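Architecture at a glance
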2 protein chains.
Amino acid sequence: MPSNKSVVYLKHPTEFPVVGEHLAVQTNPDFRPVLKDGEVLTRNLVFSLDPYMRGKMRDAGKQSYSASYEIGKPLDARGVAEVIESKNAKYPVGSIIHAFVGWEEYTVLPDLPTTRIIPGARETNLPLSSYVGVLGMPGLTAWASLKDIGKPKKGETIFISAASGAVGQLAGQLCKAWGLTVIGSVGSDDKVEYLLKNVGFDAAFNYKTKSPKDALKELAPQGIDIYFENTGGLALEAALDHLNNFGRIIACGMISQYNTREPYGIKNLMNVVTKRLTMRGFIVSDFHDQYFADFFKDVREMLLNKQIVYRVDEAQGIDNAPEAFVGMLSGKNFGKAVVHVADL
Amino acid sequence: MPSNKSVVYLKHPTEFPVVGEHLAVQTNPDFRPVLKDGEVLTRNLVFSLDPYMRGKMRDAGKQSYSASYEIGKPLDARGVAEVIESKNAKYPVGSIIHAFVGWEEYTVLPDLPTTRIIPGARETNLPLSSYVGVLGMPGLTAWASLKDIGKPKKGETIFISAASGAVGQLAGQLCKAWGLTVIGSVGSDDKVEYLLKNVGFDAAFNYKTKSPKDALKELAPQGIDIYFENTGGLALEAALDHLNNFGRIIACGMISQYNTREPYGIKNLMNVVTKRLTMRGFIVSDFHDQYFADFFKDVREMLLNKQIVYRVDEAQGIDNAPEAFVGMLSGKNFGKAVVHVADL
């Protein structure tokens with residue numbers, strides 16, 4: 001371990017981040033960490049790229065639900081890593097852990113409450129990326145927000161935006177398993193085909209060639225009961241018009257609004273009053289204690305029974321992480337975006 | 001009873017209704033109704049003018065939560081009336097009832113589930129307009145939506161738009177009684193003074209001379225926990241920015257959006273996600289069965305104990321009803337808008 005390659009945060013972007021200007025790969029040629037009590041040194045194997053990270057690339061002065069990234073420091077992410085040195089009895093050398101690691105090859109990790117050992121990670125056949133995807137935060141996001149906010153009932157119709165993404169594809173499959181009609185919007189014809197042929201959505205459309213408004217009119221003539229909101233903008237406006245009385249909006253994210261200085265104005269919120277809609281936001285960590293164990297058991301069983309397909313878009317190596325991140329922000333990833341750093 | 005004067009709905013307005021063009025007073029010079037079984041003839045005493053009525057002045061083809069008004073027929077409203085002829089044993093001659101009557105002197109009323117006798121109406125000292133205001137639908141609107149959606153906790157801060165209106169002034173006083181800090185927005189300096197001196201709000205501002213954004217920054221430096229939404233537009237946008245984590249928006253109405261073809265676009269809904277806000281709409285009739293009895297008991301007691309002041313803006317006579325209605329839509333009323341038709 002003579003060197004450690006990292007992706008470092010350079011500057012706050014006002015619109016889309018630019019590789020080289022706002023974040024860049026840097027190598028520390030002389031990486032010889034000395035651990036303090038409680039710390040471990042990790043060899044990072046895979047980490048997750050998620051839309052919420054764009055929110056951490058902000059002016060440090062602006063408050064939000066998670067701390068902003070620090071200029072000059074590596075970005076961080078939920079990842080799977082091997083402990084290769086340890087001054088913490090909870091995580092002996094050789095443990096495979098789920099933790100907030102840097103976007104880098106090696107991380108010195110303090111004793112954080114978010115770190116945990118993944119039991120059976122070496123023995124199971126599930127790819128390690130599952131633990132940051134369908135069995136990790138995006139999976140819990142879909143499962144818990146459906147249970148807590150969406151309250152899906154058999155026979156209802158759900159519309160999911162960014163439906164081939166990490167959260168969307170699981171949300172759709174859970175709702176199919178629970179007896180709902182599932183409609184998804186995505187940004188390419190390939191993704192439409194994937195949702196229809198591989199994932200089992202009832203209907204899907206490409207919002208770049210068909211407006212959400214027209215698509216919902218055609219695909220959901222009886223209206224929708226739940227909208228799983230990942231994008232904001234025109235999809236939200238169309239959903240507000242097409243929701244039935246007492247409809248629910250799971251406000252999970254609004255990715256179309258993250259990289260713009262001119263957010264789209266939603267003009268039809270009056271539907272919230274006339275149709276008695278509920279729109280509720282959440283942060284997945286709010287749900288962790290209440291739901292994680294049930295979610296993990298339920299979805300792992302569905303995975304092992306092949307009831308769920310789950311597509312991963314894996315960038316290879318730290319060098320490709322910045323482009324993969326920016327690509328994800330504009331919808332170029334096809335499936336859950338992760339970075340493969342090293343083999344186990 | 002040789003004649004009956006009514007306000008008739010003439011035409012669907014796209015923006016503000018115009019008296020004479022969209023609604024007008026007409027007199028039926030030869031009004032000699034013959035009642036069928038189940039019907040009663042009422043002498044109308046007072047009726048309520050409410051923002052929701054604008055929503056019923058729409059194209060009959062457009063769906064909403066209440067039926068649209070019928071062209072060529074009298075408008076209707078919740079009112080208090082005396083039964084002067086009866087073919088319905090439930091409502092003997094002389095009963096004082098609360099019912100959906102026409103905007104007119106006399107109405108032939110079928111047997112509707114919304115009609116009920118007001119017990120003790122002749123004996124009590126409460127003005128009859130109370131039964132369509134603070135003890136009627138607007139009162140229940142404030143009380144039940146606070147209980148069911150706002151879930152106010154002692155020590156929290158609530159912001160109420162259209163705060164001197166029928167719903168707003170009661171909502172504010174209930175919240176004061178429950179230990180909250182109460183801030184209101186209104187459209188004139190007179191109303192600001194009324195809220196501060198007579199109603200007991202902690203703070204109030206005139207949105208025509210101070211933007212809701214600036215006002216909330218100044219008046220609620222710790223943020224707000226509940227927004228009682230009556231107006232939409234800039235007040236909603238400011239509230240979204242100033243709500244604290246887990247804040248609630250009671251989506252009661254958006255009067256600023258009712259009379260325009262160019263609704264205002266809300267650009268900061270991302271706050272719903274990052275601050276885990278809940279925004280929920282409702283229709284007061286959804287709450288009736290669950291809450292009416294408790295509400296009536298609670299608020300009547302507060303009224304009799306002089307814990308509540310409640311201002312009424314009373315137009316005199318059918319002839320003045322159309323102007324009073326249009327005035328209310330632009331905020332010219334000062335207190336709950338009602339029309340006094342006749343003395344008991």
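Looking at an unreviewed UniProt entry, one finds chain A named Enoyl reductase (ER) domain-containing protein, with Podila minutissima as its source organism.

1. A look at the overall build of chain A
Regarding its fold elements, chain A presents 9 helices and 15 strands. Here the C-alpha radius of gyration of chain A, 20 Å, is about what a compact globule of 344 residues would show, namely 20 Å. Dimensions of chain A, computed from C-alpha atoms along their principal axes, come out at roughly 65 × 45 × 35 Å. Every one of the 344 residues in chain A was classed for burial, and the buried ones make up 58%. Accessible surface, chain A as shown: approximately 14,500 Å² in total, 50% of it carbon and sulfur.

2. Considering the pairing of strand β1 (residues 4-9) of chain B
Residues and elements named next belong to chain B. Most of β1 is tucked away, with 5 of its 6 residues classed as buried. Strand direction decides the pairing type here: β1 and strand β2 (residues 23-28), joined by 6 bridges, are antiparallel. Its bridge partner being in β2, valine 7 is matched across the sheet by valine 25.

3. Quick word on the interface of chain A and chain B
Across the contact, 28 residues belong to chain A and 28 residues belong to chain B. Buried surface at the junction of chain A and chain B, summed over both partners, amounts to about 2,300 Å²; 68% is from carbon and sulfur atoms. Considering only the surface of chain A that becomes buried against chain B, Leu269, Val273 and Arg276 of chain A emerge as the three largest contributors, covering 23% of it. Where chain A touches chain B, the interface holds 2 salt bridges. Salt-bridge contacts for arginine 276 of chain A lead to aspartate 286 of chain B; the nearest nitrogen and oxygen are separated by 2.8 Å. Residue assignment for the side of chain A that touches chain B shows that the elements contributing at least two residues are β12 (243-251), α7 (270-274) and β13 (278-281) of chain A. Partitioning the side of chain A that touches chain B into residue classes produces 18 nonpolar, 6 polar and 4 charged. Here β13 of chain A runs beside strand β13 (residues 278-281) of chain B; their pairing, made up of 3 bridges, is antiparallel. Opposite threonine 278 of chain A, over in β13 of chain B, you have arginine 280 of chain B as the bridge partner.

4. Quick notes on the relation of the copies chain A and chain B
Mapping chain A onto chain B calls for a screw motion: a turn of 180° about the axis and a shift of 0.0 Å along it, with 0.0 Å RMSD after fitting. What we have between these two chains is a two-fold relation. Ranked by how close their C-alpha atoms come to the rotation axis, the residues of chain A are headed by glycine 265 of chain A, at 1.9 Å. A shared binding surface is used by both copies, with 100% of the interface residues of chain A retained as interface residues in chain B.

5. Concerning helix α9 (residues 321-329) of chain A
An α-helical turn contains 3.6 residues, so a residue and the one three or four places further along point in the same direction. Residues and elements named next belong to chain A. Among the 9 residues in α9, 8 count as buried, and that is most of the element. Residues of α9 that are buried include every one of Ala321, Pro322, Ala324, Phe325, Val326, Gly327, Met328 and Leu329, and no others. Tucked into the core, α9 has its buried residues touching β1 (4-9), β2 (23-28), β3 (40-48), α1 (52-56), β14 (312-316) and β15 (336-340). Directly beyond the C-terminal end of α9, a positive phi value near 85° is found at glycine 331.

Criteria and cut-off values
Residues numbered from 1 in each chain as written. Chains lettered and ligands numbered in written order. Predicted model: local features only at pLDDT ≥ 70, side-chain atom pairs only at ≥ 80, totals over all residues. Heavy atoms only, no water. Helix = DSSP H or I, 4+ residues; strand = E, 2+ residues; numbered from the N terminus. Rg over C-alpha atoms; globule rule 2.2 N^0.38 Å. Buried < 20%, exposed > 50% of the residue type's maximum accessible area, 1.4 Å probe, protein only. Areas by Shrake-Rupley, 256 points an atom, 1.4 Å probe, with all protein chains shown as cover. Pairing = 2+ DSSP bridges. Contact = heavy atoms within 4.5 Å. Buried area = accessible area lost by both parts, 1.4 Å probe. Salt bridge = Lys/Arg side-chain N within 4 Å of Asp/Glu carboxyl O. Nonpolar A, V, L, I, M, F, W, Y, C, P; charged D, E, K, R; others polar. Least-squares fit on C-alpha atoms with pLDDT ≥ 70 in both.

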